[in-house]
Amino acid sequence: MARRLNLEEIGRRAGVSRSTVSRVVNDDPNVSLKTKKRVEAVITETGYRPHAAARSLALNSTDVLGLVIPSAVETLFADPYFGRLIFGISRATNEVQMTLTLFLFGDVPDEESIISRVVSPGLVDGVIVTATTMGDPLIDYLRGAEMPFVVIGRPDDGGPVFSVDVDNRGGARAAALHLANLGRRRMALISAPANTSAGVDRTSGFLDGLAESDLDLEGRIREGDWTEGSGRAAMEELLADQPDAVFAASDRMAVGAMSAIRAAGLRCPEDVGVVSFDGLIAPDQTSPPLTSVVQPVRKVGERAVKLLKAVVDDTVALPECIVFPTELAVGGSCGALPEKVL
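Reading the values: the criteria
Residues numbered from 1 in each chain as written. Predicted model: local features only at pLDDT ≥ 70, side-chain atom pairs only at ≥ 80, totals over all residues. Heavy atoms only, no water. Axes fitted to C-alpha atoms, helices over the stretch in contact; angles between N-to-C directions. Helix = DSSP H or I, 4+ residues; strand = E, 2+ residues; numbered from the N terminus. Parallel < 35°, antiparallel > 145°, perpendicular 65-115°, else oblique. Contact = heavy atoms within 4.5 Å. Nonpolar A, V, L, I, M, F, W, Y, C, P; charged D, E, K, R; others polar. pLDDT = per-residue confidence, 0-100. Salt bridge = Lys/Arg side-chain N within 4 Å of Asp/Glu carboxyl O.

**Focus on the packing of helix α2 (residues 18-25) against helix α3 (residues 33-46)**
At a minimum axis separation of 10 Å, α2 and α3 run at an interaxial angle of 85 degrees. By the angle between their axes, α2 is roughly perpendicular relative to α3. The residues of α3 that touch α2, namely those facing Thr-20, Val-21, Val-24 and Val-25, are Thr-35, Lys-36, Val-39, Glu-40 and Ile-43. Here the residues of the contact of α2 with α3 sort into 5 nonpolar, 2 polar and 2 charged.

Shown next as structure tokens:
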């Protein structure tokens, strides 16, 4: 195996000291252009690569970004949303030539222990936070620690923060208007958890669309927890009120709702139309194919990385909230011809 070059060897070949090579590697401006070009020529010729840990110490930088998901591990790996989000984040992290590390929490003590390590100097340059619940002290903790961070989702405290979100409210409103335009009049709602900003926004948006159509739920609402099982249980209760359509605030809950509809001897969409939110279920995974409000999960992850990199590099001045639009992809579950309509 070839001997790994070090700063002393590069300095000897370039005719400069070890410390001068170090300053060139770390972009120190106090090096003459002539000397810098000589050292860079040797580096190019030899293919030398600086030791990552040593360079990080010199620059007070780790080139590592953290992804913090304060959610139970079993929930994380069962939800296709997180798989697509992590894919987008990891791809963008590679593009900016940084490394991604993942922090998962199982419970509150676990969260407190891990967060204290996440914000320790020298571990990561910044973090992306997703799947927080409303009132989670994590955001305030990060603010107090002066750790660069970006939130995926809408922060609920109204404080200044860099965030990337999707138009949850507008997407849910479009779902309600679409069902109303199809002649559905006794709609029901399987909402996402009310302790999440996405859950609140999707419920509010659906109610907005109903109000514009002179309709209301009349009590036909049950709360789920994003899972297929909760969607099935909620739909079983809602069927007693004989709804002609249901909006489930996640694809997984919609799959559970369709299962309950079939188990009750009813047809989808003839007896009960179904619309969901996420756009993560392939058309061949449900029968009929699911109509869903599609959110660009991968793009959200990619944009969060680029925004965090700008925060770390101090190239953005004021906190901003980036919101991606959604679109309604029509399958057969709502009773309309499959095509994109909104």
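**A closer look at the packing of helix α1 (residues 7-14) against α2**
Between α1 and α2, the shortest axis-to-axis distance is 8 Å and the interhelical angle comes to 100 degrees. Here α1 lies roughly perpendicular to α2, going by the angle between them. Between α1, through Leu-7, Glu-8, Ile-10 and Gly-11, and α2, the contact on the second element is made entirely by Arg-18, Val-21 and Ser-22. By residue class, the composition of the contact of α1 with α2 is 3 nonpolar, 2 polar and 2 charged.

**A closer look at the confidence of the model for the protein**
When pLDDT is low, close inspection of the predicted coordinates is not appropriate. Chain-level statistics for the protein give a pLDDT mean of 87 and a share of 88% at 70 or above. Per-residue pLDDT stays below 50 along residues 52-59; that stretch engages in 9 contacts with residues further than four places along the chain or on separate chains.

**Structural notes on the pattern of salt bridges**
In total, this model carries 15 salt bridges according to the counting rule given. With a closest N to O distance of 2.5 Å, Arg-91 and Glu-302 form a salt bridge. Pair noted here: Arg-91 is in helix α6 (residues 80-95) and Glu-302 is in helix α13 (residues 297-312), with a separation of 211 residues, a long-range link. For Arg-173, the salt bridge identified is with Glu-212, shortest N-O distance 2.6 Å. You can see Arg-173 sitting in helix α9 (residues 168-181) and its partner Glu-212 sitting in helix α10 (residues 197-212), a full 39 residues away along the chain. Shared partners join several salt bridges into a network, and the residues in it are Glu-9, Arg-12 and Arg-13.

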